Every structure is written in C-alpha cells, then in structure tokens.
Amino acid sequence: MSSVTHDDVLGHGHDAHHHHPTGLMRWVTTTNHKDIGTMYLWFSFIMFLVGGTMAMTIRSELFEPGLQIVQPEFFNSLTTLHGLIMIFGAIMPAAVGFANWQIPMMIGAPDMAFARMNNWSFWLLPPAAVLLIGSLFVPGGGAAGGWTMYPPLSVQLGMGMDMTIFAVHIMGASSIMGSINIITTILNMRAPGMTLMKMPLFCWSWLITAYLLIAVMPVLAGAVTMLLTDRHFGTSFFNAAGGGDPVLFQHVFWFFGHPEVYILILPAFGIISEIIPAFARKPLFGYASMVYALAAIAILSFLVWAHHMFTVGMPTAGLLFFMYATMLIAVPTGVKVFNWVATMWRGSMTFEAPMLFALGFLFLFTIGGFTGLVLAITPVDIQLQDTYYVVAHFHYVMVAGSLFAFFGGTYYWIPKWTGTMYDEKLAKLHFWSSLIAFNVAFFPMHFLGLAGMPRRIPDYSQQFTDWNMVSTVGAFWFGLSQFIFLYVVLKCIAHKGEKAPGKPWEGATTLEWTLPSPAPYHTFETPPVVK
Amino acid sequence: MAESLGTKPVEGAERRRRANVRLAFILASIAATFFAGVIVARYVGGMEFGMSFVGVVALVLLVFAIARNLRDK
C-alpha cells in the first residue's frame with residue numbers, strides 16, 4: 001500500500017464550534033460515526049458479559065457429573081442464548097463498532113454515508129437484546145433448541161421462541177442497514193487518490209464482510225419467518241406433520257450460518273492485518289494477495305454449508321463435494337497466515353499488547369483452523385458430530401480468533417479514541433492471563449470430544465469429570481481476566497495515563513494516524529490528499 | 001464565474017448523495033430478493049429449486065460486486 005499524506009489536519013477539528021446535545025440525548029440522537037462506534041463497542045462488551053455469565057453458569061453445572069445448579073430445560077436455554085448473544089450481540093456489534101470508528105477515518109471520509117440510518121442501526125440492537133434476554137422469563141422459558149433453532153424443537157417451543165425469532169429479525173435488519181452503510185461509505189466516500197487497492201486491509205475486510213451480510217442475513221430472516229408461520233399460521237415449511245421438511249431448515253440455516261462464520265472472522269483478519277505491519281515496522285507482505293484471499297474465502301463460504309450437516313444423510317457425491325470444498329478454504333486462509341508471518345520476517349518487531357494479541361490470534365486461530373480441517377473430513381466428522389471437539393474447534397476460531405483480534409484492535413486504536421495511552425503492564429497481564437486461561441478452558445474439550453462427550457447436555461458420564469473440572473477452572477479464569485481489560489479501558493476513558501501522541505505507533509501508516517489524539521469530533525471535512 | 005464556483009461543491013455533494021441513495025437501493029433490493037426468494041422458492045418448488053435459486057442469486061451478486069469494483073478501478 002502506498003504511503004498517505006493529507007493537507008489540512010487542523011482544519012478538521014471543529015469541536016469548539018460544534019453544537020450537539022449533551023448527556024443522554026447526545027447518545028440517543030447522535031449521527032456521529034465515532035459516537036455510534038463507541039455505543040456499538042459498549043453494547044457488545046455488555047452483551048459479552050451477559051453471554052459470559054451464561055457460559056459461567058453452564059461451566060459451573062458441568063464442573064462435575066449430576067445436576068447441581070440448574071434444571072436441564074434451563075441449561076438448554078442457556079446454551080442457546082449464550083450462542084445467540086455472543087454471535088449477534090457481542091462479536092458482530094463489536095466488529096461494527098470498529099467499522100464505525102475506523103472506516104471513515106481510514107478512507108478520509110467525514111462520516112458514514114447514511115448517518116441517520118447509522119444511528120437507527122444501532123438503536124435497533126437494545127430492543128433485540130431485551131427480547132432475547134427477556135425470553136428467559138416468559139412462560140415456557142427461553143428458546144432451548146440450540147442457537148441453530150432447528151425444527152422440530154423450534155416449532156414446538158413456547159413464547160420464548162417467538163421472542164427469539166423477532167430478536168433475530170431485528171438484529172438482521174440492523175446488520176443489513178449497517179452493511180449498506182459500510183459498502184456505500186467505502187465505495188462512494190473515499191478521499192481523492194484512495195483507490196480500492198490503496199485502501200487499508202481493515203476496510204477491505206469490512207467491504208467483503210458487508211457483501212456477505214447482505215447476501216446471507218435475509219436468508220436467515222426468511223428461514224425464521226417460515227419458522228414463525230409454521231408455528232402460528234398453519235404453514236408446513238419445516239413441519240413434518242404437515243408434509244414439511246425439517247432438513248430444509250438446516251440447509252437454509254447453514255447457507256446463512258457458514259458465511260456467518262466468515263462475517264465474524266473477516267473483520268478480525270482486517271484488524272490483524274493492520275496491527276502486524278505496524279509492530280513489525282514493515283509494509284504488509286503481499287497486499288494484493290491478501291485482498292484476493294479475502295474475496296476467495298468469501299466466495300468459497302457460500303459453497304460449503306452442508307459440512308455442518310454431514311449426518312443428515314446426503315448422496316456420496318454431495319458428501320465429497322462439501323468435504324473438498326471445505327478443505328479448499330484452507331488455501332486462501334493459508335495465504336493469509338503465510339503473509340502475516342512473512343510480514344514479521346526480519347521486521348523490527350516489538351511486542352506491545354496489540355502485537356501480543358495479534359500473535360496469540362495467529363497461533364490459536366491456526367489451531368482452530370486445523371481442527372476445522374479435521375472436521376471437514378466426512379468420516380471423521382460423522383464420528384465427532386455434536387461432540388465437545390466441535391465446541392473446542394469453534395471456540396478456538398471465535399474466541400481466540402475474533403475476540404483476541406478485537407482486544408488487540410482496542411489496544412491498538414484506543415490512544416486515538418481517547419487521547420490516552422493504555423496501561424501497558426496491565427494490558428500485557430490481560431493478554432497472558434487470557435491466553436493461558438483460554439487454553440486451560442478450551443483445549444481439554446478436544447480430549448472430551450474425542451472421548452465421545454456430547455455437547456448441549458447438563459450431565460455426563462463419570463469418565464469425563466477430570467477434564468470438565470479443568471475446563472471450568474479455565475473458563476472462570478478467562479472470564480475474570482476480562483475485568484482487567486475493562487479496568488484498562490476505563491482508565492483510558494478517565495485519562496489516567498500518559499497523553500497519547502497523534503501517532504503512538506512508529507510503524508503505523510494509515511490515514512487515522514495523521515489526526516491528533518483523541519480524534520476530533522469531526523474529521524476530514526476537507527478531504528485529505530492521498531498519494 | 002463566481003456563482004458557478006460557489007455552486008460546485010453543492011452540486012458535488014448532491015451528486016454524491018444521489019449516488020449513495022442509488023447504491024443503497026440496489027443493495028437493499030438484493031437483500032429483499034434473498035429474503036423473499038428463499039420463501040417463494042419453497043412455495044414454488046422443492047428443496048432443489050429453492051437452493052438453486054438462492055445459489056444463482058448469490059453468484060449473480062458476487063459477479064455484480066466484482067464487476068463493479070473492477071469498473072471503479
């Protein structure tokens with residue numbers, strides 16, 4: 001990527017002349033991309049704590065065999081809502097928060113293309129969260145069929161399922177509006193000279209993610225709409241009793257569900273692609289190939305959905321196709337991992353917290369990727385279907401992948417957001433504590449899965465006890481470690497730390513680092529010149 | 001001359017706004033097609049028809065997206 005300069009940084013700081021509501025109304029009515037980004041990030045962290053609390057309850061129940069803390073029905077609701085909240089309430093809004101804060105500043109735009117729609121996209125989320133969490137307290141309890149909402153369970157459940165369906169509709173609408181905004185901003189609002197192939201990789205990752213969202217979110221909305229009409233309006237899309245096909249739901253769901261995995265991980269790839277060059281003090285190795293790899297991953301993600309359902313019964317040709325197509329995704333992913341490593345090769349590396357999280361991501365995401373390859377092999381997957389091996393695999397991808405990248409991204413950009421450097425010692429403690437605790441919590445799940453322990457059960461055979469105890473200890477350790485992160489962030493917001501310079505990272509080259517820290521409320525009202 | 005210079009940024013902003021709205025409508029219509037398509041396809045035909053419909057729309061979307069990016073370059 002070529003170097004960037006701009007002409008008039010100081011001309012962008014109009015805070016002193018800008019009048020906007022203060023207090024609560026500022027946040028309700030704001031159309032500023034930075035305010036909305038902040039709200040997305042706080043919302044996602046709160047939902048992360050809510051989903052995390054559910055995870056702690058699940059792990060407490062699984063500490064030893066037998067039923068100790070919760071009833072099986074409530075346990076099922078917890079596993080269902082933990083998944084939905086973490087995916088739709090925590091990871092996706094966090095990625096949109098990063099997009100809101102960073103994309104306009106990285107492409108030299110004054111704001112998002114549709115600022116009011118941006119506000120609306122965010123404010124749809126809290127009611128959806130209330131519906132999801134509130135479903136636990138209605139007669140019949142929350143949705144309990146797993147986050148995949150498979151029929152026939154989802155057709156038979158009580159009112160909690162309806163609330164979940166509406167929550168998914170609302171969150172889907174929010175995501176689609178956000179995606180339209182991001183695509184329009186990137187394609188139409190780039191600074192003069194900022195060609196697509198000069199764009200920071202984080203923006204590329206979000207451009208492709210937004211296209212994925214527009215393609216698959218409506219499919220999920222369609223699927224849950226059919227579920228709703230099956231439940232209340234006498235249709236039989238998925239209801240076998242009326243001639244419907246429950247397996248069809250699985251096909252439609254995973255047509256959304258597999259690209260969704262990449263929707264969760266591609267923005268993380270983008271963040272890592274910004275951090276590694278900055279701390280290796282070298283340009284990103286193979287920029288163009290990184291862009292094409294992102295596009296290849298996105299296209300392939302549409303062709304592999306049935307690897308989630310090898311056990312439902314399909315023709316051998318179908319099994320082989322989906323097995324090989326899934327394995328094919330390792331090629332562009334391998335290109336990305338190779339390029340990140342090649343960027344570090346002979347770089348002048350330093351290991352501040354963002355870089356540590358990037359390296360942690362690289363190491364652990366690769367483990368998650370390899371276990372994904374194991375699961376891609378049809379006969380192996382049939383053995384491991386619905387075991388804890390699958391739980392271990394996707395937590396290595398989602399937690400050590402997306403979440404570690406978001407922590408790294410927060411430490412990387414928080415000097416720009418708050419104008420204060422974070423506490424490096426505490427941030428490093430957060431990293432090492434999270435890294436070790438994460439592996440203590442999730443690595444034993446591979447052993448449990450290989451030994452045959454099924455997922456989504458509140459009780460288990462005695463031979464699984466030891467590793468479950470280890471896993472529970474690790475989970476609590478990991479959960480508590482996140483309060484270090486919260487403390488570090490609050491310290492920055494309270495400006496308890498060293499004042500951040502405009503460009504705190506020597507190797508950072510993207511446009512936002514040409515702005516003062518904290519970034520003024522309005523930036524790039526005069527477009528910068530990109531060479 | 002002074003008048004035309006004075007109106008240029010406004011025209012530019014208006015042109016950009018129209019382009020933004022046009023693109024947003026295209027994207028929203030794609031989303032609507034997918035939403036309605038997955039339901040209608042199930043009504044009209046069986047599983048094969050439905051999945052083929054969605055698959056074809058996905059490919060058209062990707063071709064459209066790639067072609068548009070190439071043209072912009």
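The rules we used
- Residues numbered from 1 in each chain as written.
- Chains lettered and ligands numbered in written order.
- Predicted model: local features only at pLDDT ≥ 70, side-chain atom pairs only at ≥ 80, totals over all residues.
- Heavy atoms only, no water.
- Contact = heavy atoms within 4.5 Å.
- Buried area = accessible area lost by both parts, 1.4 Å probe.
- Salt bridge = Lys/Arg side-chain N within 4 Å of Asp/Glu carboxyl O.
- Bend = angle between axes of the 7 residues up to and from the residue.
- Helix = DSSP H or I, 4+ residues; strand = E, 2+ residues; numbered from the N terminus.
- Buried < 20%, exposed > 50% of the residue type's maximum accessible area, 1.4 Å probe, protein only.
- pLDDT = per-residue confidence, 0-100.
- Axes fitted to C-alpha atoms, helices over the stretch in contact; angles between N-to-C directions.
- Parallel < 35°, antiparallel > 145°, perpendicular 65-115°, else oblique.
- Left-handed = near helix turned anticlockwise from the far one by under 90°.
- Nonpolar A, V, L, I, M, F, W, Y, C, P; charged D, E, K, R; others polar.
- Phe/Tyr/Trp six-rings, centres within 6.5 Å; stacked < 30°, edge-to-face > 60°.
- Arc of directions from axis to C-beta.

1. Quick look at the interface of chain A and chain B
- Counting from both sides, the interface comprises 36 residues of chain A and, opposite them, 28 residues of chain B.
- For the pair chain A and chain B, the two sides together bury roughly 2800 Å², of which 78% comes from carbon and sulfur.
- For the chain A face of the interface with chain B, the top three residues by lost area are Asn188, Tyr211 and Phe237 of chain A, together amounting to 19%.
- Summed over the shared surface of chain A and chain B, the result is 0 salt bridges.

2. Brief notes about helix H15 (residues 388-418) of chain A
All names here are of chain A.
- When the local axis directions of H15 are compared, the greatest deviation, roughly 40°, occurs at Tyr412, which is followed within four positions by the proline Pro415.
- Of all the 31 residues making up H15, 30 are buried; the element is thus mostly covered by neighbouring parts of the structure.
- Phi turns positive one or two residues past the end of H15, at Gly419, with a value near 80°.

3. Brief notes about the confidence of the model for chain B
Residue and element names in this part refer to chain B.
- Overall, the prediction assigns chain B a mean pLDDT of 75, with 74% of residues at 70 or greater.
- Low pLDDT, under 50, characterises residues 1-7; the predicted model gives this stretch 0 contacts beyond four residues in sequence or across chains.
- For this predicted complex, the interface score ipTM comes out at 0.87, while the overall pTM is 0.91.

4. Digging into the environment of Phe237 of chain A
- Within the secondary structure layout, Phe237 of chain A lies in the loop between helix H8 (201-232) and helix H9 (246-280).
- Taking the C-alpha atoms as reference, Phe237 of chain A lies 8.3 Å from Phe249 of chain A; in sequence the two are 12 residues apart.

5. Quick look at the packing of helix H13 (residues 353-376) of chain A against H15 of chain A
Residues and elements named next belong to chain A.
- Taken N-terminus to C-terminus, the directions of H13 and H15 make an angle of 160°; their axes are 8 Å apart at the nearest point. Here H13 is positioned roughly antiparallel relative to H15, judged by the angle of their axes. H15 is crossed by H13, and the crossing has left-handed handedness.
- A breakdown of the residues in the contact of H13 with H15 according to their chemical character gives 19 nonpolar, 7 polar and no charged.

6. Here we look at the packing of aromatic side chains
All names here are of chain A.
- One pass over the structure, following the stated rule, counts 52 aromatic pairs over all chains.
- Judged by centre distance (6.3 Å) and plane angle (45°), the ring pair of Phe237 and Phe238 falls under tilted. Phe238 matches Phe237 in its accessibility class, with the two residues each being buried.
- On the numbers, 4.9 Å between centres and 55° between planes, the contact of Phe279 with Trp505 is tilted. Remark: Trp505 occurs in the segment after helix H17 (465-493) and Phe279 occurs in helix H9; sequence separation between them is 226 residues.
- When its relative accessible area of 1% is taken as the criterion, Phe279 is described as buried.
- Here Trp505 falls in the buried class, since its relative accessible area comes to 5%.

7. With respect to the pattern of salt bridges
- All told, the structure shown has 7 salt bridges over all chains when counted by the stated rule.
- The partner of Arg231 of chain A in a salt bridge is Asp162 of chain A, with the nearest N and O atoms 2.8 Å apart. Here Arg231 of chain A is found in helix H8, whereas its partner Asp162 of chain A is found in helix H7 (residues 159-188), with 69 residues between them in sequence.
- Arg231 of chain A sits in the buried class, given a relative accessible area of 15%.
- Across the pair Arg281 of chain A and Glu506 of chain A runs a salt bridge whose closest N-O atoms are separated by 2.9 Å. Taken as a pair, Arg281 of chain A in the loop between H9 and helix H10 (287-300) and Glu506 of chain A in the segment after H17 lie far apart in primary sequence, 225 residues in all.
- Judged by its relative accessible area of 60%, Glu506 of chain A falls in the exposed class.
- Among the charged side chains, a network of salt bridges with common partners joins Glu14, Arg17 and Arg18 of chain B.

8. A look at the side chain of Ser179 of chain A
All names here are of chain A.
- Here Ser179 is to be found in helix H7.
- Judged by relative accessible area, which is 0%, Ser179 ranks as buried.
- Leave out the neighbours within four places in its chain, and Ser179 touches Ala210, Leu213 and Ile214.

9. Description of helix H5 (residues 125-134) of chain A
All names here are of chain A.
- Taken together, the buried positions of H5 are occupied by Leu125, Ala128, Ala129 and Leu132. In a view along the axis of H5, the buried residues occupy a sector of 100°, so they form one face of it.
- Where H5 is buried, its residues contact helix H2 (33-61), helix H3 (72-107), helix H4 (115-123) and H7.

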